[in-house]
Amino acid sequence: MSIFLAIYIIIVILFSWLFPRFLSNALGFLALLSYLLTLFPSLLRKLFNIRNNLFNNWLLKHRRYIGVSSFGFAVNHIVVSININDLLDVSKYAHYRIGLLLIFILGLLTFTSNDWIVKKLKKDWKKLHQLTYLIVLLLPLHILDKMSGKFNYFTYIEMITTIGIGILSACRLFLKYKQTNFF
Ligand code: HEM
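The notes below deal with the structure included here. None of these values were measured; they are calculated from a predicted model.

What follows deals with the overall build of the protein. Scanning the protein for helices and strands turns up 10 helices and 0 strands. Along the chain direction, N to C, the helices and strands of the protein fall in the order α-α-α-α-α-α-α-α-α-α. Taken against the 2.2 N^0.38 rule, which gives 16 Å for 183 residues, the C-alpha radius of gyration of the protein at 18 Å falls within 12% of a compact globule. Overall, the C-alpha framework of the protein stretches about 55 × 40 × 35 Å when taken along its three principal axes.

Summed over all chains, the structure comprises 7 aromatic pairs. Ring geometry for Phe15 versus Phe22: centroids 6.0 Å apart, planes at 45 degrees, classification tilted. In this structure Phe15 comes out as partly exposed when scored by relative accessible area, which is 26%. Residue class for Phe22 comes out partly exposed when judged on its relative accessible area of 43%. Chaining the aromatic ring pairs together yields one cluster made of Phe15, Phe19, Phe22, Phe29 and Phe154.

Under perfect tetrahedral coordination by four donors, a metal shows angles of 109.5 degrees; under perfect octahedral coordination by six donors, it shows angles of 90 or 180 degrees. Around the iron atom of the ligand, the protein contributes the donor atoms His77 (NE2) and His142 (NE2), at 2.0 Å from the metal centre. Classification of the site at the iron atom of the ligand rests on its 6 donor atoms, whose angles at the metal span 87 to 179 degrees, yielding the label octahedral. Linking His77 in helix 4 (residues 63-81) with His142 in helix 9 (residues 132-147), this pair joins segments that are 65 residues apart in sequence.

Attention shifts here to the pattern of salt bridges. Pairing between side chains of opposite charge can happen when their charged atoms approach one another. Here the structure, examined in full by the defined rule, presents 3 salt bridges. Put simply, Arg64 and Asp115 hold a salt bridge, and the shortest N to O gap is 3.0 Å. Residue Arg64 is located in helix 4, and its partner Asp115 is located in helix 7 (residues 115-121); the two are separated by 51 residues in the primary sequence. For Arg64, a relative accessible area of 38% gives the class partly exposed.

Attention now moves to a positive patch on the surface. Side chains of Lys46, Arg51, Lys126 and Lys176 sit close together on the surface and give a patch of like positive charge. Residue placement: Lys176 occurs in helix 10 (residues 153-182).

What follows is about a nonpolar patch on the surface. On the surface, Ile10, Leu14, Trp17, Leu18, Phe19 and Phe22 cluster together into a nonpolar patch covering about 680 Å² of accessible area. Note that Leu18 resides in helix 1 (residues 2-18). Residue classification places Leu18 among the partly exposed positions, given a relative accessible area of 46%.

We now examine the site of the ligand. If you check the shell around the ligand, you find 28 residues, and the closest are His77, His142, Lys150, Thr155 and Glu158. At a separation of 3.1 Å, an oxygen atom of the ligand approaches a polar side-chain atom of Arg21. A distance of 2.8 Å separates an oxygen atom of the ligand from a polar side-chain atom of Thr155. Contributing elements (two or more residues each) for the shell around the ligand: helix 2 (20-48), helix 4, helix 6 (97-111), helix 9 and helix 10.

This next bit is on the environment of Leu173. For Leu173, the location among the structural elements is in helix 10. The class of Leu173 is partly exposed, set by a relative accessible area of 34%. If we ignore the near neighbours within four places in the chain, the residues touching Leu173 are Gln130 and Tyr133.

With 26 residues, the main nonpolar core has Tyr35, Leu39, Leu106, Ile135 and Leu139 as its most contacted residues. Counting residues per element, this core draws most heavily on helix 2, at 8 residues. Ignoring anything within four residues of it in the chain, the contact list for Leu139 reads Leu32, Tyr35, Leu102 and Thr162.

Here is what the cut-offs are and how they apply
- Residues numbered from 1 in each chain as written.
- Predicted model: local features only at pLDDT ≥ 70, side-chain atom pairs only at ≥ 80, totals over all residues.
- Heavy atoms only, no water.
- Helix = DSSP H or I, 4+ residues; strand = E, 2+ residues; numbered from the N terminus.
- Rg over C-alpha atoms; globule rule 2.2 N^0.38 Å.
- Phe/Tyr/Trp six-rings, centres within 6.5 Å; stacked < 30°, edge-to-face > 60°.
- Buried < 20%, exposed > 50% of the residue type's maximum accessible area, 1.4 Å probe, protein only.
- Donors = N, O, S within 2.8 Å, 3.2 Å for Na, K, Ca; no water.
- Tetrahedral: all angles 85-135°; square planar, octahedral: opposite > 155°, others 65-115°.
- Salt bridge = Lys/Arg side-chain N within 4 Å of Asp/Glu carboxyl O.
- Patch = residues over 30% accessible without salt bridge, like charges linked within 9 Å, V, L, I, M, F, W, Y side chains within 5 Å.
- Areas by Shrake-Rupley, 256 points an atom, 1.4 Å probe, with all protein chains shown as cover.
- Lys, Arg positive; Asp, Glu negative; His and termini not counted.
- Charge placed at Lys NZ, Arg CZ, Asp CG, Glu CD.
- Near = heavy atom within 4 Å.
- Polar contact = N/O pair within 3.5 Å; in protein donor to acceptor, adjacent residues only side chain to side chain.
- Contact = heavy atoms within 4.5 Å.
- Core = buried A, V, L, I, M, F, W, Y, C linked by side-chain atoms within 4.5 Å.

Here it is as structure tokens:
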């Protein structure tokens, strides 16, 4: 594990110097992809009743680590993307409002993803983690806000996957609503 982390840190330092824009986009892409992978297994299970599938079981087993990686990539993405001068100028924060809200919610979900807090919050934990649906809504808005007029290959994949997961999540919420209200 520490070898991978060391290689990762060397690549990030090198690319932030040689290709900062590419690195910002690649880290945003990795943050988004790993985040969507945390939603995927339960959507497949709830909507398509896909249970004993090798890939799905692996995703379910490692969901917490994938979630934490998503947060790590997102923080890295922010460090590489943010213009340092803007940090000193509060009026510029409005530029980053969707990104700030995204990282706040992602942070909240990441830091409450441990057994101790799950036990402590009980039913409220599930309610808190419903915030995940807000991330699905905010991600395409952030991408459109930052990438309109300069879409690259990552951006098309991000938009298609995020909107796809968004539609599946809406179907799941609708089914849940139907089950609780009509039966
Ligand atoms: C304060 C928080 C954030 C800031 C300041 C920020 C900043 C940026 C900027 C400046 C870009 C455009 C890069 C360019 O010009 O090419 C961008 C794109 C992007 N960001 Fe963020 N971001 C934030 C949070 C997040 C979070 C939390 C995620 C994911 C979970 C994320 C995912 C992305 C993605 C996927 C793109 C598009 C990359 C592409 O298509 O090439 N961002 N962000």
